[in-house]
Structure formats: structure tokens, C-alpha cells
Amino acid sequence: MTSDGSEQVRGARARDPDALIRRAGARGNPDHDQHFLVDDRVVDRIPTYLPEDADRSHVLEIGGGPGVLTDRLLGVADRVTVVEQDRTFAEHLRREFADEVEAGRLTVVEGDALEVDLPEFTACVSNLPYGISSEISFRLLPRGKPLVLMFQKEFGERMAAEAGTSEYGRLSVSTQHYGDVEVCEHVPREAFDPKPAVQSVVVRITPRDPEYEVEDEAFFLDFVKALFTQRRKTIRNGIRNTAHISGLSDPEAVVEAADEDVLRKRAGNMAPAEFAELAELAASVGR
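Only a predicted model underlies this, so the values are computations on that prediction, with no experimental measurement involved.

Calculation criteria
- Residues numbered from 1 in each chain as written.
- Predicted model: local features only at pLDDT ≥ 70, side-chain atom pairs only at ≥ 80, totals over all residues.
- Heavy atoms only, no water.
- Helix = DSSP H or I, 4+ residues; strand = E, 2+ residues; numbered from the N terminus.
- Buried < 20%, exposed > 50% of the residue type's maximum accessible area, 1.4 Å probe, protein only.
- Areas by Shrake-Rupley, 256 points an atom, 1.4 Å probe, with all protein chains shown as cover.
- Lys, Arg positive; Asp, Glu negative; His and termini not counted.
- Charge placed at Lys NZ, Arg CZ, Asp CG, Glu CD.
- Phe/Tyr/Trp six-rings, centres within 6.5 Å; stacked < 30°, edge-to-face > 60°.
- 1 Å grid on protein atoms, 1.4 Å probe; cavity = no way out; pocket = protein on both sides within 12 Å on 5 of 7 lines; lining within 4 Å.
- Points joined across faces, edges and corners; volume = space filled by probe spheres on them.
- Nonpolar A, V, L, I, M, F, W, Y, C, P; charged D, E, K, R; others polar.
- Contact = heavy atoms within 4.5 Å.
- Core = buried A, V, L, I, M, F, W, Y, C linked by side-chain atoms within 4.5 Å.
- Domains from an automatic or database assignment.
- Disulfide = S-S within 2.5 Å.
- Pairing = 2+ DSSP bridges.
- UniProt positions renumbered as here; feature names shortened; annotations may be inferred.
- Polar contact = N/O pair within 3.5 Å; in protein donor to acceptor, adjacent residues only side chain to side chain.
- Buried area = accessible area lost by both parts, 1.4 Å probe.

Let's talk about the overall build of the protein
Move 1: For the protein, the count of helices and strands is 14 helices and nine strands.
Move 2: Projecting the C-alpha coordinates of the protein onto the three principal axes gives extents of approximately 65 × 35 × 35 Å.
Move 3: For the protein, buried positions account for 51% of its 287 residues.
Move 4: Accessible area for the protein stands at about 13,400 Å²; split by element, carbon and sulfur atoms hold 43% of it.
Move 5: The average position of the 35 basic charges and that of the 53 acidic charges among the side chains of the protein differ by 4 Å.

In C-alpha cells form, the structure reads like this:
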């Protein structure tokens, strides 16, 4: 354990973040959503948030930048694949970690993480570009692997929110459909260079099967999305008003078949399992 209580990353050769950025020959560009971690203490802790039993044989990192987190991941993983869109940083990573690349322990994929073919991986640890957090997350979540991801504070807290809270919404239900979500650490703006305009959080998502069953996952997620567009209205009115989003052809049949106590609720007070039960009913009588 280190003096601040975090587990020491395997390997004693941790590179200095500022030196890595200097050797990259380019600074982070806020216009391109590039904010690099420079606080050693935060960087050292991030890999330790993986579940203890997580398979670390092949860790995926989205957005390697100058390689600050990449360096720490190489200390705990057998193999790392980094997806980096910026050519300057991709070339820097191959140069900086040439020994690891040659040994087959590091693969640098140059391209857009929303478009490239992602490899099979056993876990993902990343400081994500915040502008594409949602799209990236929902590309990763269906893979069913442990995720430790950095998000804008409000986004991460919505992911982990419980029913009945102001932060709870479509993002909460959709994320918790795939796993248990925990906010592990709040990260101040000062931990980054350049400093972002927002606070950040590290979120751990541990995959698990939901406590309910849905026959059509795509319909379930669309149904949740639809009802949260009417979150201030009752579920009864939400079903009636959002057939163009949910894909229901007969929303009135769903209203007639649903339990009255459910119809009086609002989306923000519906637990994921309640959404699932209602979605199954809607699929059976309303499509």
C-alpha cells in the first residue's frame, strides 16, 4: 500500500505525467476534448478500482493521449490495447512504449473509438473524452466486462443514481441494466492539464445479469427512453404520448392492461425491474 492508502501499481517504473506530455511534443487541446491526468496519486489509484477478481490479461484503454494511464495499466495488465484517434499521440505511444509494443504487450490502434473494430478485451480502464462518453459507454457495456471509466461528474452520478433521486433517469436505468455502478472517486479539475471546465468522477461498472428478464433488449431501452422524455407526467400519459419513440402501435392497450398503481407513478420513481415488467407487458399487448 502507498502512503495515501491506495494499492501500489505493479512495476516500480511509473513514468512522470508531465515528462510524458513533454515527450509527446503536444499539449492537450480542450477543443478536441483532450484533458490529460497529471496528478500521480489519481493516476495510480485508477487501475486499483478494477474488481479484485477482474481478469487483467487484456485491458482496453480508450484515448491514450500521452500515455499517463497507459503506463500504469502496463504495470497491472498482461496486455494493453489503446485506441487513440490523434496521430501525434498514437505515434508517441508507439515510440514511448517501443519495448512493450515489440514484446506484444501493447497494441496502439489509431482511429475513432466509435468506428474502429474493438478487440476482445477482459476489462476497460479509460479517461474518456467527455463529449462522446455516452456513445462509448454503450458500445462497451454490452460486452459484459468490468469497466473503470472517468466521466464528467454529473454524467457519472446519473449513471449510479437510484430511483426517486433527482439524478435518476434514462441513463441510470440503461447503465444499471448491464451492471452494478459505483462512483469510486471525485477528481478535481486541478488533476488535469489543461483543466476542464467541469469536475470529474471515476466510475466502476461491474457486469452482472439483471434481476429481471427482457425478451427484446432494444425495445426495453427504447421504452425507457420514451417514458423519460415525459418524466414529469404519469406513466399513463407517458405511454400514450410517446408511441413514436417506443414503437408501440397500440399504446391504449398497454394502458388498459397495466396495473393502476404503476400508471400513477412517474418515470423517476420506477426501478429498473419495474420498467422491465412494464416493457414486457407493452411488448405483448401494444406491438
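Having seen the model, we can carry on.
A closer look at the packing of aromatic side chains
Move 1: Considering all chains together, one arrives at six aromatic pairs under this definition.
Move 2: Here the aromatic rings of Y168 and F228 are separated by 6.1 Å at their centres, their planes lie at 70°, and the arrangement is edge-to-face. Within this pair, whereas Y168 is found in the loop between α7 (153-160) and α8 (170-176), its partner F228 is found in helix α9 (residues 217-228), the two being separated by 60 residues in sequence.
Move 3: Since its relative accessible area comes to 9%, F228 is described here as buried.

Examining empty space enclosed by the protein
Move 1: Using the criterion set out here, one finds one cavity of 30 Å³ or more in the structure.
Move 2: By volume, the largest cavity is sized at about 30 Å³.
Move 3: In terms of lining, the largest cavity is formed by L141, G144, K145, L147, Y178, I205, T206 and P207.
Move 4: Of the residues forming the lining of the largest cavity, the biggest block, three residues, is contributed by strand β9 (residues 200-207).
Move 5: Each residue belonging to the lining of the largest cavity can be placed in one class, and the counts come to five nonpolar, two polar and one charged.

Some details on the environment of A14
Move 1: Counting through the fold element by element, A14 comes out in the segment before α1 (17-24).
Move 2: Residue class for A14 comes out partly exposed when judged on its relative accessible area of 47%.
Move 3: As a C-alpha pair, A14 and G75 span 61 residues in sequence and 8.0 Å in three-dimensional space.
Move 4: Setting aside its immediate chain neighbours within four residues, A14 contacts D71 and R72.

Topic: the nonpolar core
Move 1: Counting 50 residues, the largest nonpolar core has I62, L140, F220, F223, I239 and F275 as the members making the most contacts within it.
Move 2: In terms of residue count, α9 provides more of this core than any other element does, seven residues in total.
Move 3: Two domains each provide a minimum of three residues to this core, namely domain 1 (17-207) and domain 2 (217-286).
Move 4: Beyond its immediate chain neighbours, meaning those up to four positions away, F275 contacts Y168, V173, F220, F223, V224, L227, F228, A267 and M270.
Move 5: Counting 30 residues, the second-largest nonpolar core is a separate cluster that includes V43, L73, A123 and Y130.

Quick word on the state of the cysteines
Move 1: Applying the stated criterion across every chain, the model contains zero disulfides.
Move 2: No disulfide involves C124; its sulfur sits 14 Å from the nearest other cysteine sulfur, which is in C184.
Move 3: For C124, a relative accessible area of 0% corresponds to the buried category.

Regarding the pairing of β9
Move 1: Most of β9 is tucked away, with six of its eight residues classed as buried.
Move 2: Bridge count for strand β6 (residues 147-152) against β9 is six bridges, and the pairing is antiparallel. The residue of β9 that forms the bridge with L149 is V203.
Move 3: Two strands pair when backbone bridges link them, and strand β7 (residues 179-187) and β9 are joined in this way by eight bridges, in the antiparallel orientation. Across the sheet, D180 pairs through a bridge with T206, a residue of β9.

Examining the UniProt feature "domain: Ribosomal RNA adenine methylase transferase N-terminal" (unreviewed entry) in the protein
Move 1: This chain's UniProt record puts "domain: Ribosomal RNA adenine methylase transferase N-terminal" (unreviewed entry) on residues 42-209.
Move 2: For the annotated span residues 42-209, helix accounts for 29% and strand for 26% of the residues, and the straight-line distance between the end C-alpha atoms is 30 Å.

Observations concerning the side chain of E185
Move 1: Relative to the assigned elements, E185 resides in strand β7.
Move 2: Among the residues examined, E185 registers a relative accessible area of 11% and is labelled buried.
Move 3: For E185, the side chain forms a polar contact with the side chain of R45, separated by 2.5 Å.
Move 4: With near-sequence residues (within four places) excluded, E185 lies in contact with V42, R45, Y49, S200, V201 and V202.

With respect to the domain arrangement of the protein
Move 1: Examined at the domain level, the protein breaks down into domain 1 (17-207) and domain 2 (217-286).
Move 2: A C-alpha centroid distance of 34 Å is found between domain 1 and domain 2.
Move 3: Contact with domain 1, which involves twelve residues of that partner, is made by 14 residues of domain 2.
Move 4: Across the domain 1/domain 2 interface, buried area totals approximately 990 Å², and carbon plus sulfur atoms make up 62% of it.
Move 5: Along the contact surface separating domain 1 from domain 2 lie five residue pairs in polar contact (both at pLDDT 80 or more).
Move 6: Residues that form the side of domain 1 that touches domain 2 fall into these classes: four nonpolar, seven polar and one charged.

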